[in-house]
Amino acid sequence: MIVNYGSSGLLLRNHSHTKGTSDRLVIIVDNFSSTDEQGRVVDLANLFGWFVELMPTNVGFGAGVNAGAARAVREGAQSIVVVNPDAHLRSSDIDALVDEVVADHELMVSPVIRRSDGAVWFDGIDLFLDSGRMASKRRSRPPSGSRRPWLSGACFAISAHLWERVGGFDSDYFLYWEDVDLSHRVLDIGGKLSVLERASAVHDEGGTHPSRPDVHGRSSLYYYFNIRNRLVYAAKHLDDRRLTSWKWQTARVSYEIVRGGGRRQFLRPWRLVRAYLRGIKDGFSYVRSARGR
């Protein structure tokens, strides 16, 4: 299942080898970007035997996946594999992921995800609960304190049973951190997370972004939602002590998020400043609304 937003070219390039069959449904959820784009998606679906869910607006990644998963369940699917338009994996790797969740209905599993140059992009990430920082399991000097693992929404598999039990994605996030939240709730209900090292996917990060990234760094929406949604997650899942700690560290951690895009982007700093300030402002507004102070 794939959520599309203005990325029909990527659907054709990365997923034309994945044909819909009687035992493998391919569902494309198109978050509205234009009538021309929806027409292209429908044409591809007719060509390759895909099902299509046409959304009247851009409802965000999580809500889009929810719509596609609901369609899959209605069509009788027992397992759900989510893949970004800018990611692709071999049919044998899809089968390997599905085999894992068929064998264990309480499991959510991801492949190792690599960039097109072969470098590892994802093989497990920890969220550090005292600060809201994140670190790959390969990082030699991770942050200190307790941690919680999560799996990337760029490519994962989950049983329909576990998906419905956990309630799918939380649409409050719109973009980014919804996979961190889903992983948290899977663990909370007794489910398990795993990275299947013998399966791999290739992901060209940023290809699906709803705003074209600046040549000097990532897009403003990337920074805005990562900064905002860190606090959304905190409001939903942390106790008062940890929430207070995250709030105190927001300015610093948000700067670290922006700095991760590299130095060249600071040649044009105003878009970064706007995203940084808006993300903090809206994140704190969400915390006040959710927690009553």
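Coordinates for the structure precede this section.
Below: a short report on this structure. (Residues numbered from 1 in each chain as written. Predicted model: local features only at pLDDT ≥ 70, side-chain atom pairs only at ≥ 80, totals over all residues. Heavy atoms only, no water.)

1. Here's the deal with the packing of helix α7 (residues 220-237) against helix α8 (residues 240-248)
Across the interface, α7 lies against α8 with an axial gap of 9 Å and an inter-helix angle of 165 degrees. The angle between α7 and α8 places the two elements in the roughly antiparallel class. Read as a crossing pair, α7 and α8 show a hand that is left-handed. On α8, the residues that touch R230, L231, Y233, A234 and A235 of α7 are L243, W246 and K247. Class assignment of the residues belonging to the contact of α7 with α8 gives a composition of six nonpolar, no polar and two charged. (Axes fitted to C-alpha atoms, helices over the stretch in contact; angles between N-to-C directions. Helix = DSSP H or I, 4+ residues; strand = E, 2+ residues; numbered from the N terminus. Parallel < 35°, antiparallel > 145°, perpendicular 65-115°, else oblique. Left-handed = near helix turned anticlockwise from the far one by under 90°. Contact = heavy atoms within 4.5 Å. Nonpolar A, V, L, I, M, F, W, Y, C, P; charged D, E, K, R; others polar.)

2. A look at the pairing of strand β8 (residues 125-128)
Judged by which residues are buried, β8 turns out to be covered on both faces: I125 and L127 on one side and D126 and F128 on the other are all buried. Across three bridges, the pairing between β8 and strand β9 (residues 134-136) is antiparallel. If you follow D126 over to β9, its bridge partner there is A135. In sequence, β8 turns back onto β9 through a hairpin of five residues, with G132 there showing a positive phi of about 85 degrees. (Buried < 20%, exposed > 50% of the residue type's maximum accessible area, 1.4 Å probe, protein only. Pairing = 2+ DSSP bridges.)

3. Quick notes on unusual backbone geometry
Notably, F174 is not glycine yet its phi reads approximately 65 degrees, a positive angle. Along the chain, the position of F174 falls in the loop between α5 (160-166) and α6 (178-188). Residue class for F174 comes out partly exposed when judged on its relative accessible area of 27%. The phi dihedral of W177 falls on the positive side, at around 75 degrees, and the residue is not glycine. For W177, a relative accessible area of 4% gives the class buried.

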